[in-house]
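An overview of the molecular structure
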There are 2 protein chains.
Amino acid sequence: MSAASQAKRSMPDIEVIVFERSGHTSYSACGMPYLLKGDVGSEDSLVVRTPEQFAERGIQAKIRHEVVDIDLGSGSVKVEDLASGTRSEVAFDELVVATGSYPTMLDVPGADAGGVFALRDLDSGIALHRHLMGTKPQRAVIIGAGYIGVEVADAFIARGIDTTIVEASGHAMGTFDEDLGETITGILVSSGVKVELGEAVDGIEVSSGSAVSVVAGSKTFPADVVVMAVGSKPNVALAERAGIEIGQTGAIKVDDHMRTSHAGVWAAGDCTEQKSIVTQQPVSIHLGTVANKMGRIAGINIGGGDVAFPGVAGTALSRFGDTEFARTGIDAAAAEAFPIAHLSVVSRSRTKASYYPGSEPIHTKLLFENPSGRLLGAQIVGGTGSGKRIDIFAMAIWNRMRVQDMLYADLAYHPSVSGVWDPALIAVRKAAEMIEA
Amino acid sequence: MSAASQAKRSMPDIEVIVFERSGHTSYSACGMPYLLKGDVGSEDSLVVRTPEQFAERGIQAKIRHEVVDIDLGSGSVKVEDLASGTRSEVAFDELVVATGSYPTMLDVPGADAGGVFALRDLDSGIALHRHLMGTKPQRAVIIGAGYIGVEVADAFIARGIDTTIVEASGHAMGTFDEDLGETITGILVSSGVKVELGEAVDGIEVSSGSAVSVVAGSKTFPADVVVMAVGSKPNVALAERAGIEIGQTGAIKVDDHMRTSHAGVWAAGDCTEQKSIVTQQPVSIHLGTVANKMGRIAGINIGGGDVAFPGVAGTALSRFGDTEFARTGIDAAAAEAFPIAHLSVVSRSRTKASYYPGSEPIHTKLLFENPSGRLLGAQIVGGTGSGKRIDIFAMAIWNRMRVQDMLYADLAYHPSVSGVWDPALIAVRKAAEMIEA
């Protein structure tokens, strides 16, 4: 929808048609956990713009219409109206593939049973919300301890549901390093979430068509509701079938203008690759911020503009209760894999002056190149107000700064937001001392 | 004390003596308004480190000792023990002048009456605190609507004191542009503070030795307590008398290593000039963050190091109740004066996704060079969580970024901290459109 809006804005006379398989066009996927939690009052409030609102802007947004085939030769798509089952051909001059990503579903027995949910789109979020409201589950198992798993656990705990997270890997929040993952795990556990790490799910036990427990190795976790949150994959089947080039990450390959391998065909969002500004290598990151930017750039360029996407730092923020966690750049595993010689340091500080009410701990981890000192990544876990501070490091990485370049950065201070030495400055000082040593 | 600590750390064998006129060494001046407000429980909690704690680190911190003369020829200072009145000579190999700044006192009748206060140091903050606790004033007049005036008004309103701010200039918060100053004034007024702009104080009426009202032109504002908060000046009398060069701003001139005009004499903190990283011109900014950095650099260099201070962006943050305001870089007046051809834009956004609980308005003003687009300054006024976002712009200015370079910066998003397009990105987009137009 970003691409559609931007293209229409650039060239008001063009006809823009959007086909969307689900029942909604523009909505906040990231708000769904807070619908489940009860913080967001109504399902409708997550809808940013309805098809009717797009129509007012001259964009035809056809929901419950699935594009089942792309014919690059004739320049047309085959579309199925999911309500009626009728199919039609629609010709295009320019095509944008924005098929997004889909949640990975474990291929285990019982995965398709009643009471097993995944957050794929707003429809699926609404379905889970109605299930919670209707069945009032007592016990939940969440499979996967990533962003969605942790945010859904936050919602479930707030609803008084006995919640267990079962995670196959050895640590929670896999986009964070293991040490900060452990910090996050500690916070989950102290809030009453049971966290089972290193437990690969073998199956879901079903009774009368509904899930009753999750089995992992020798353990069985009873569940009235199961949420599968084990990551997402770019949705490229349609593009791949049409012969559009897929990159090494498994997402659609695009240049920095969002052009695919085929002239006149563009792609943007979770279904496409991005370039890491740290490693300059292709990555496949599924975040609304990135998707919106790519869509906007595709729309500008379709409309005759000339805008290049600079790439991604991979900045992301999540929360559990009042604990915020955020990351940017690459993590230790990525640095090892690339490889880049690196060092890291964790510093502990406070979100406010220690004497100021509400001061909470903040943990800052920096990953930096050795011996140059170039900042490669940062991770923060802390109390309210911690998360957005990651933007300091995102901006530093954006500008290829070294930790030594940041020692005297002029950051804002007031006792309500930091000590006189900002937590970021304390962290870069520790890092710089390691470089010098 | 930063310089003392750092020098001692670098060269453990040197003798470090600190003379301090007041009764405290290392304390949080910025915390004083929150002592007055009642948010900070005790006077002692603002003390960061006592003379005894410094003594444990091998630093002799002599409080209530005033250096009354510097003799550069002999390399010694004349010190008066304020308790006994005895004077002594103390020789030095290296001297650091860190005499700070002092609040400007209006030269009007009654300025020295009882019940008239200024926040000069912790002693003065404690005196005002005890006055509030002891006399329970009903009506207060604060002279000056800058950081201290506004923060003290916040404290007074929280205590139920009928509070009037009398400001000589036409707008509150003079380090912000007039439009954002008006936004801040609106927030003060809606919280019950009476704000009298364009009113120069002519005198303070006194009865039985105590202030009873403040007179400005034809208006009289009754007051049981008066706080003078009309800015601060670098405290350079001692240095000037000794023949140390004073810069064009009226503060001590130092190079980027904190050396004064005289070999072996260093200066740091509010009493010294800094270099603006925007204009490369000398400025005299009185902020704890800057002072601490300069002190640290002086200490490192005295200890044999070689560290240059890169200069200041002038980043500062303050708050009134839950409203946060922050600024970095230069404001419109400074851009006019320099001069730099510039444009500015104000964008309105929200601190959280609109559907997320606690979402509040945030105003972001950007000032940027025309036609290059280089960011020159930013100002933010908004609800909780707004202020620290100024660091995004501080980092941008630090890196000499243009607004066009920031359009796709990878900033953190979660519905609890922004919309999917960060307020900063919305602001730079508006700015960039002006450059392109």
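What counts, and where the lines are drawn
- Residues numbered from 1 in each chain as written.
- Chains lettered and ligands numbered in written order.
- Predicted model: local features only at pLDDT ≥ 70, side-chain atom pairs only at ≥ 80, totals over all residues.
- Heavy atoms only, no water.
- Buried < 20%, exposed > 50% of the residue type's maximum accessible area, 1.4 Å probe, protein only.
- Helix = DSSP H or I, 4+ residues; strand = E, 2+ residues; numbered from the N terminus.
- Contact = heavy atoms within 4.5 Å.
- Least-squares fit on C-alpha atoms with pLDDT ≥ 70 in both.
- Core = buried A, V, L, I, M, F, W, Y, C linked by side-chain atoms within 4.5 Å.
- Pairing = 2+ DSSP bridges.
- Axes fitted to C-alpha atoms, helices over the stretch in contact; angles between N-to-C directions.
- Buried area = accessible area lost by both parts, 1.4 Å probe.
- Salt bridge = Lys/Arg side-chain N within 4 Å of Asp/Glu carboxyl O.
- Polar contact = N/O pair within 3.5 Å; in protein donor to acceptor, adjacent residues only side chain to side chain.
- Nonpolar A, V, L, I, M, F, W, Y, C, P; charged D, E, K, R; others polar.
- Phe/Tyr/Trp six-rings, centres within 6.5 Å; stacked < 30°, edge-to-face > 60°.
- Lys NZ or Arg CZ within 6 Å of the ring centre and 35° of its normal.
- Lys, Arg positive; Asp, Glu negative; His and termini not counted.
- Expected span 1.5 Å × (residues − 1).
- pLDDT = per-residue confidence, 0-100.
- Parallel < 35°, antiparallel > 145°, perpendicular 65-115°, else oblique.
- Left-handed = near helix turned anticlockwise from the far one by under 90°.

**A short note on helix α1 (residues 2–10) of chain B**
Where α1 of chain B is concerned, the buried positions are Ala-3, Ala-4, Ser-5, Gln-6, Ala-7 and Lys-8 of chain B. Close packing links the buried residues of α1 of chain B with β1 (16–20), α3 (51–56), β4 (59–63), β8 (95–97) and α8 (288–302) of chain B.

**What about the relation of the copies chain B and chain A?**
The transform that puts chain B on chain A rotates by 180 degrees and translates by 0.0 Å along the axis, for an RMSD of 0.0 Å. The superposition operator between the copies reduces to a two-fold rotation axis. Among all residues of chain B, the one whose C-alpha sits closest to the rotation axis is Ile-392 of chain B, at a distance of 2.9 Å. The overlap is high: 100% of the interface residues of chain B also sit at the interface in chain A, so the same surface is used on both sides.

**Here's the deal with the nonpolar core**
Ranked by size, the top nonpolar core spans 147 residues in total, and within it Val-97, Leu-366 and Phe-393 of chain A together with Val-97, Leu-366 and Phe-393 of chain B carry the most contacts. In this structure Leu-366 of chain B touches Leu-343, Ser-344, Val-345, Leu-375, Gly-377, Ala-378, Phe-393, Val-403, Ala-427, Val-428 and Ala-431 of chain B, once residues within four positions along its chain are discounted.

**Considering the sheet that holds strand β24 (residues 342–350) of chain B**
Residues and elements named next belong to chain B. Spatial strand order, β22-β23-β26-β25-β24: 5 strands in an open sheet with antiparallel pairing. Two strands in the sheet have a free side with no partner beyond their single neighbour: β22 (316–320) and β24. Neighbouring strand axes in the sheet, compared pairwise and without regard to direction, differ in orientation by 15 degrees on average. Strand direction decides the pairing type here: β22 and strand β23 (residues 323–329), joined by 5 bridges, are antiparallel.

**A closer look at the interface of chain B and chain A**
In this complex, chain B contributes 57 residues to the contact, which on the side of chain A involves 57 residues. Sorting the residues of chain B by area buried against chain A places Tyr-355, Tyr-408 and Asp-410 of chain B first, and these three jointly supply 17% of that buried surface. At the surface where chain B touches chain A, the tally comes to 2 salt bridges. Across the pair Lys-388 of chain B and Asp-422 of chain A runs a salt bridge whose closest N-O atoms are separated by 2.3 Å. Counting across the interface, chain B meets chain A through 28 residue pairs in polar contact (both at pLDDT 80 or more). Sorting the residues of the side of chain B that touches chain A by element identifies α8, β22, α10 (390–398) and α11 (423–436) of chain B as the ones contributing at least two each. Split by residue class, the side of chain B that touches chain A holds 33 nonpolar, 12 polar and 12 charged.

**Let's talk about the packing of aromatic side chains**
In this structure the tally under the stated criterion is 6 aromatic pairs over all chains. When the ring of Phe-176 of chain A is compared with that of Phe-325 of chain A, the centres are 6.1 Å apart and the planes differ by 80 degrees; the resulting orientation is edge-to-face. Of this pair, Phe-176 of chain A sits in the loop between β12 (162–167) and α6 (178–190) while Phe-325 of chain A is found in strand β23 (residues 323–329), placing the two residues 149 residues apart along the sequence. A relative accessible area of 1% places Phe-176 of chain A in the buried class. Look at Tyr-356 of chain A and Tyr-34 of chain B: their rings are 5.2 Å apart centre to centre, the planes differ by 70 degrees, and that puts the pair in the edge-to-face class. One end of the pair, Tyr-356 of chain A, is in the loop between β24 (342–350) and β25 (361–369); the other, Tyr-34 of chain B, is in helix α2 (residues 32–37), on a second chain. There is no split in this pair, since Tyr-356 of chain A and Tyr-34 of chain B are both buried. The ring of Trp-421 of chain A has Arg-429 of chain A lying over it, and the distance from NZ or CZ to the ring centre is 4.5 Å.

**A closer look at the side chain of Asp-410 of chain A**
Relative to the assigned elements, Asp-410 of chain A resides in the loop between α10 (390–398) and α11 (423–436). Although buried, Asp-410 of chain A forms no salt bridge, and the nearest oppositely charged side chain, Lys-293 of chain B, lies 4.3 Å from it.

**Remarks on the pattern of salt bridges**
Opposite charge on two side chains permits pairing when their charged atoms draw close. Enumeration over the complete set of coordinates arrives at 38 salt bridges over all chains. The closest approach of N and O atoms between Asp-255 of chain A and Arg-259 of chain A, which form a salt bridge, is 2.7 Å. For Asp-255 of chain A, a relative accessible area of 29% puts it in the partly exposed group. The partner of Glu-66 of chain B in a salt bridge is Arg-21 of chain B, with the nearest N and O atoms 3.3 Å apart. In this pair, Glu-66 of chain B is assigned in strand β5 (residues 65–71) and Arg-21 of chain B in the loop between β1 and β2 (26–27), connecting sequence segments 45 residues apart. Here Glu-66 of chain B falls in the partly exposed class, since its relative accessible area comes to 24%. Taken together, the shared-partner salt bridges in this structure form one network comprising Lys-37, Asp-39 and Asp-154 of chain A.

**Quick notes on helix α5 (residues 147–158) of chain A**
Residues and elements named next belong to chain A. With 12 residues, α5 ought to run about 16 Å at 1.5 Å a step, and its terminal C-alpha atoms sit 17 Å apart, in line with that. For α5, the full list of buried residues reads Gly-149, Val-150, Glu-151, Val-152, Ala-153, Asp-154, Ala-155 and Phe-156. A positive backbone phi angle near 80 degrees is found at Gly-160, which sits one or two residues after α5.

**Concerning the sheet that holds β25 of chain A**
The pairing of strands in a sheet happens through backbone hydrogen bonds and is either parallel or antiparallel. All names here are of chain A. Taken together, the 5 strands give an open sheet; going across it, the order is β22-β23-β26-β25-β24, and neighbouring strands pair in antiparallel fashion. Whereas interior strands pair on both sides, the edge strands pair on one side only; in this sheet they are β22 (316–320) and β24. Along the sheet, successive strands turn relative to each other by an average axial angle of 15 degrees, direction set aside. The strands touched by α5 are β22 and β23; relative to β22, the strand with the most contacts, the crossing angle is about 30 degrees. Contacting β24 and β25, α11 runs over the sheet at an angle of about 145 degrees to β24.

**Here we look at the confidence of the model for chain A**
The predicted structure's coordinates, where accompanied by low pLDDT, should not be read in detail. On average, residues of chain A score 97 in pLDDT, and 100% of them reach the 70 mark or higher. For this predicted complex, the interface score ipTM comes out at 0.97, while the overall pTM is 0.97.

**Here's the deal with the packing of α1 of chain B against α8 of chain B**
Residue and element names in this part refer to chain B. Look at α1 against α8: their axes get within 7 Å of each other, and the N-to-C directions meet at 30 degrees. Put simply, α1 runs roughly parallel to α8. Once α1 is placed against α8, the crossing between them reads as right-handed. Residues Ser-2, Ala-3, Gln-6, Ala-7, Arg-9 and Ser-10 of α1 form the contact with α8, whose own contacting residues are Asn-292, Gly-295, Arg-296, Ala-298, Gly-299, Ile-300 and Ile-302. Residues belonging to the contact of α1 with α8 are distributed by class as follows: 5 nonpolar, 6 polar and 2 charged.

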